[in-house]
Amino acid sequence: MADTVLRLQGITKRFGSLVANDGISLALERGEVLALLGENGAGKSTLVSILFGHYVADAGTIEVFGRALPPGQPRAALAAGIGMVHQHFTLADNLSVLDNVLLGTEPLWRPSSARAAARATLRDTAARFGLAVDPDARVGELSVGERQRVEILKALFEHGTKRGARILILDEPTAVLTPQESESLFATLGRMVAEGLSIIFISHKLDEVLRVSHRIAVLRGGRLVAELPAADADTALIAEAMVGRRVAPAVKRAYALGEVVCELPAGPGSSSLQVRAGEVVAIAGVAGNGQQALAGALCGEHAPAGGGAVKVRGQPLPARPRAFVRAGVARVPEDRQAVGLVGELPVWENALLERYAEPAFARLGLRRRAPAQAHARAIVERFDVRGTEAAGLATPAAALSGGNQQKLILGRALTGGGDGRPPTLIVADQPTWGLDVGAVAYVHQQLLDACAAGAGVVLISEDLDEIFALADRIAVIHAGVLTEARPAREWTLAAIGLAMAGGGGSVRPSGETAHAA
């Protein structure tokens, strides 16, 4: 018979009037992978935060290996054998990768730190799992994807400690991995499970869930609404359980391509990038390989590295964001919280962030509140931005869920300014990162509809399912090297994964390499 290693009974957690977890009871067996699924805001993060001791439940109990787990004590969770890879980073930005991994693994009274051995162990662990990262790099200088890799390494790292995890919580562990790296991780998880490790697997990639999990638990609105063997499930059934309705996939309609709306010039030995009206050109790659420099050049934050200027509808533009906004370039930035929104400002002001000085919304330096709020209200209604029911447009953007924050940003990008003109070019950088299946389908459909209306889209993504679902042409970026964009039908999953890792495809047929902006 299977041994129960973890038992949650009647877990309830409230934040004011919000019931984040409502009487949730779950068990985890030895050598089992339990997938924990749900929409953004369903209560998954709250539940695992209670399990790991970051929150204290208002009601309910937790047992680990038959013993009560003291509430609100991460140290007790570690001592009990619980390890966690967080979706939102818990790293010290001012320290190196190695120092972050070593935090908490050595007693304070040890006269010296065995850093040489730790560095060797870290490099070996990184190589085993394909999670390339410089041990001496300062975390604050790493990309979002590289920080995620550090989080995974922290959970996998063992350096003479007794805290080796027997229960491992993985929150979106493959979000920044290539297919080959994901395969390696899955193989390792299989060996861990065979040795008796138990895993709670949180992911929005339902195909992965079905592949690696033994059992699936679905939360909706803070309640456990479904629990079933993975062998009895499929993606449609899981998606419906998550959102409470059937989720229709995005539909790509056939339409003729128009004129070239954007041209990124080629640098020395580099490939240029052209985007036509009505097409999606996707840039695939593992985080930290030059995507942000490319996105910055396409939005006017800086000039292309190889010189020259980006052209929009044939007109070269100066490297100033305002010039790009006026030319009809809309952006969906990678980090919606740090870059896309100002969390303390209300929803209506965030809806105008890139167009606050336009005549429709300002006169003589003064904000025209009525038209500005009308514009914001139209975005909220058209793009179904939820979470403003209590305070209306005065709701701080930080109070919205991740999915609704993304809807607000997407609505701002696709609606345009006070002149009502739709965007010419949309630069969508990781537009569905961390979103649930319902929100992903919505964002995809909005981007495809914008294409059908005549916009060109540059999709920068690490999600290959997303790329193959949306893209007409695909280029791959690795170590700042950009391949020529080729029709999506010419790529296979294996080929694109190899190119993302720096092999095959990073060189054009002519033998010349292409450097990103």
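Residues numbered from 1 in each chain as written. Predicted model: local features only at pLDDT ≥ 70, side-chain atom pairs only at ≥ 80, totals over all residues. Heavy atoms only, no water.

1. Focus: the pattern of salt bridges
Here's step 1: The full count for this structure, using the stated rule, is 17 salt bridges.
Here's step 2: Taking the shortest distance from any N to any O, the salt bridge between glutamate 227 and arginine 215 comes out at 2.5 Å. Note that glutamate 227 is positioned in strand S10 (residues 223-229) and arginine 215 in strand S9 (residues 215-220), a separation of 12 residues in sequence.
Here's step 3: Arginine 215 sits in the buried class, given a relative accessible area of 16%.
Here's step 4: Here glutamate 358 makes a salt bridge to arginine 355, at a shortest N to O gap of 2.7 Å. Both residues of the pair, glutamate 358 and arginine 355, count as buried. (Salt bridge = Lys/Arg side-chain N within 4 Å of Asp/Glu carboxyl O. Helix = DSSP H or I, 4+ residues; strand = E, 2+ residues; numbered from the N terminus. Buried < 20%, exposed > 50% of the residue type's maximum accessible area, 1.4 Å probe, protein only.)

2. Points about the sheet that holds strand S4 (residues 59-64)
Here's step 1: Taken in spatial order, the 4 strands of this open sheet run S2-S1-S4-S5, and their pairing is antiparallel. Among the strands making up the open sheet, the edge pair consists of strand S2 (18-29) and strand S5 (67-68).
Here's step 2: Relative to S5, S4 runs antiparallel, the two being bridged by 2 bridges. Bridge pairing in S5 links valine 64 to arginine 67.
Here's step 3: Of the strands in this sheet, strand S1 (4-15), S2 and S4 are in contact with helix H1 (residues 44-51), which crosses S1 at around 120°. (Pairing = 2+ DSSP bridges. Contact = heavy atoms within 4.5 Å. Axes fitted to C-alpha atoms, helices over the stretch in contact; angles between N-to-C directions.)

3. Considering helix H8 (residues 235-243)
Here's step 1: Residues Ile238, Ala239, Ala241, Met242 and Val243 constitute the buried set of H8.
Here's step 2: Looking at the buried positions of H8, the neighbouring elements they touch are strand S3 (33-38), helix H7 (206-212), S9, S10 and helix H15 (437-452).
Here's step 3: Between the side-chain oxygen of the N-cap and the backbone nitrogen of alanine 236 there are 3.3 Å, and the N-cap of H8 in question is aspartate 234.
Here's step 4: Just downstream of H8 lies glycine 244, where phi reads positive at about 80°. (Polar contact = N/O pair within 3.5 Å; in protein donor to acceptor, adjacent residues only side chain to side chain.)

4. Some points on unusual backbone geometry
Here's step 1: Positive phi is not limited to glycine here, since arginine 313 has a value of about 50°.
Here's step 2: Judged by its relative accessible area of 39%, arginine 313 is partly exposed.
Here's step 3: The phi torsion at glutamine 430 lies on the positive side, around 50°, for a residue other than glycine.
Here's step 4: Mapping glutamine 430 onto the fold places it in the loop between strand S19 (425-429) and H15.

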